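Chain by chain, the residues:
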Amino acid sequence: MHHVITVYNDMFDHMDGVMQALAKKKTQWKEDLFFAVELGRQKLSNYCAKVTPTTGILRISAHILDPFRKLRWSRKWDQGMDIYPQDETSYTTQYQEAFLKYKENEY
């Protein structure tokens, strides 16, 4: 379970690389492939949007409790959007607070 978010991130990175490589290509099959990857990325983005501090607390908890991952993935997202991890709207802050709240309420 603690690999789910990492796999999502790897899929995004791969799709972004493919789309970047195909962005300026004019061959029809390459344009079609770009369009298909773009649709796949949108679908993956919809799935990821459902992993919120409320709906995805088990995935988030599993990832945070993994000693090799902790909150590195959320810091990467924050950095990619130029949001400071200490900002209350950052993924890092939201997920950390949700995890601590879950831990306090459930244990």
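Figured I'd write up the structure that's included with this text. As the structure is a computational prediction, the values presented were derived from the model and not from experiment. The numbering scheme is per chain: residues are counted from 1 as the chain's sequence reads. Under the rules for a predicted model, residues below a pLDDT of 70 receive no local features and side-chain atom pairs below 80 are neither given nor counted, while totals for whole chains, interfaces and linings still include all residues. Side-chain descriptors were evaluated using all non-hydrogen atoms of the structure, hydrogens and water having been removed beforehand.

### Side note on the overall build of the chain
Operational definition: Secondary structure elements are taken from DSSP: a helix is a run of H or I of four residues or more, a strand is a run of E of two residues or more, and numbering for both begins at the N terminus. The reference for a compact globule is 2.2 Å times residues^0.38; the radius of gyration itself is calculated from the C-alpha atoms. When a residue's accessible area, from a 1.4 Å probe over protein chains only, is under 20% of the maximum for its type it is buried; when over 50% it is exposed; and in between it is partly exposed.
The helix and strand inventory of the chain stands at five helices and zero strands. In sequence order, the secondary structure elements of the chain are arranged as α-α-α-α-α. Its C-alpha atoms give the chain a radius of gyration of 16 Å, more than 25% over the compact-globule value 13 Å for 107 residues. Expressed along its principal axes, the backbone C-alpha trace of the chain runs to roughly 55 × 25 × 25 Å. Counting every position in the chain, which comprises 107 residues, the buried fraction comes to 27%.

### Focus: the packing of helix α3 (residues 57-65) against helix α5 (residues 91-106)
To keep things clear, this is the line we draw: In this analysis, axes come from line fits to C-alpha atoms, helices being fitted only over the stretch in contact, and the angle between any two N-to-C directions falls in the range 0 to 180 degrees. Each angle gets one of four labels, with under 35 degrees taken as roughly parallel, over 145 as roughly antiparallel, 65 to 115 as roughly perpendicular, and the rest as oblique. Throughout, a residue-residue contact means that at least one pair of heavy atoms, one from each residue, lies within 4.5 Å. In this classification, the charged set is Asp, Glu, Lys and Arg, the nonpolar set is Ala, Val, Leu, Ile, Met, Phe, Trp, Tyr, Cys and Pro, and all remaining amino acids, among them Gly, are polar.
Orientation of α3 relative to α5, taken along the N-to-C sense of each, is 100°, at an axis distance of 10 Å. Here α3 lies roughly perpendicular to α5, going by the angle between them. For the pair α3 and α5, the contacting residues are I57, L58, I60, S61, I64 and L65 in the first and Y95, A98, F99 and Y102 in the second. Taken together, the residues of the contact of α3 with α5 sort by class into nine nonpolar, one polar and no charged.

### Considerations on the environment of A23
Along the chain, A23 falls in the loop between α1 (4-22) and α2 (28-49). As a C-alpha pair, A23 and E38 span 15 residues in sequence and 11 Å in three-dimensional space.

### A short note on the pattern of salt bridges
For clarity, the cut-off: By definition, a salt bridge exists where a carboxyl oxygen of Asp or Glu is found within 4 Å of a side-chain nitrogen of Lys or Arg.
Enumeration over the complete set of coordinates arrives at three salt bridges. Notably, a salt bridge pairs K76 with D13, separated by 3.3 Å at the nearest N-O pair. On the criterion of sequence distance, the pair formed by K76 in helix α4 (residues 72-80) and D13 in helix α1 is long-range, its members being 63 residues apart. Judged by relative accessible area, D13 falls into the partly exposed class, the value being 41%. Salt-bridge contacts for R69 lead to D66; the nearest nitrogen and oxygen are separated by 2.5 Å.

Everything listed is a geometric property; what it means functionally is a separate question.
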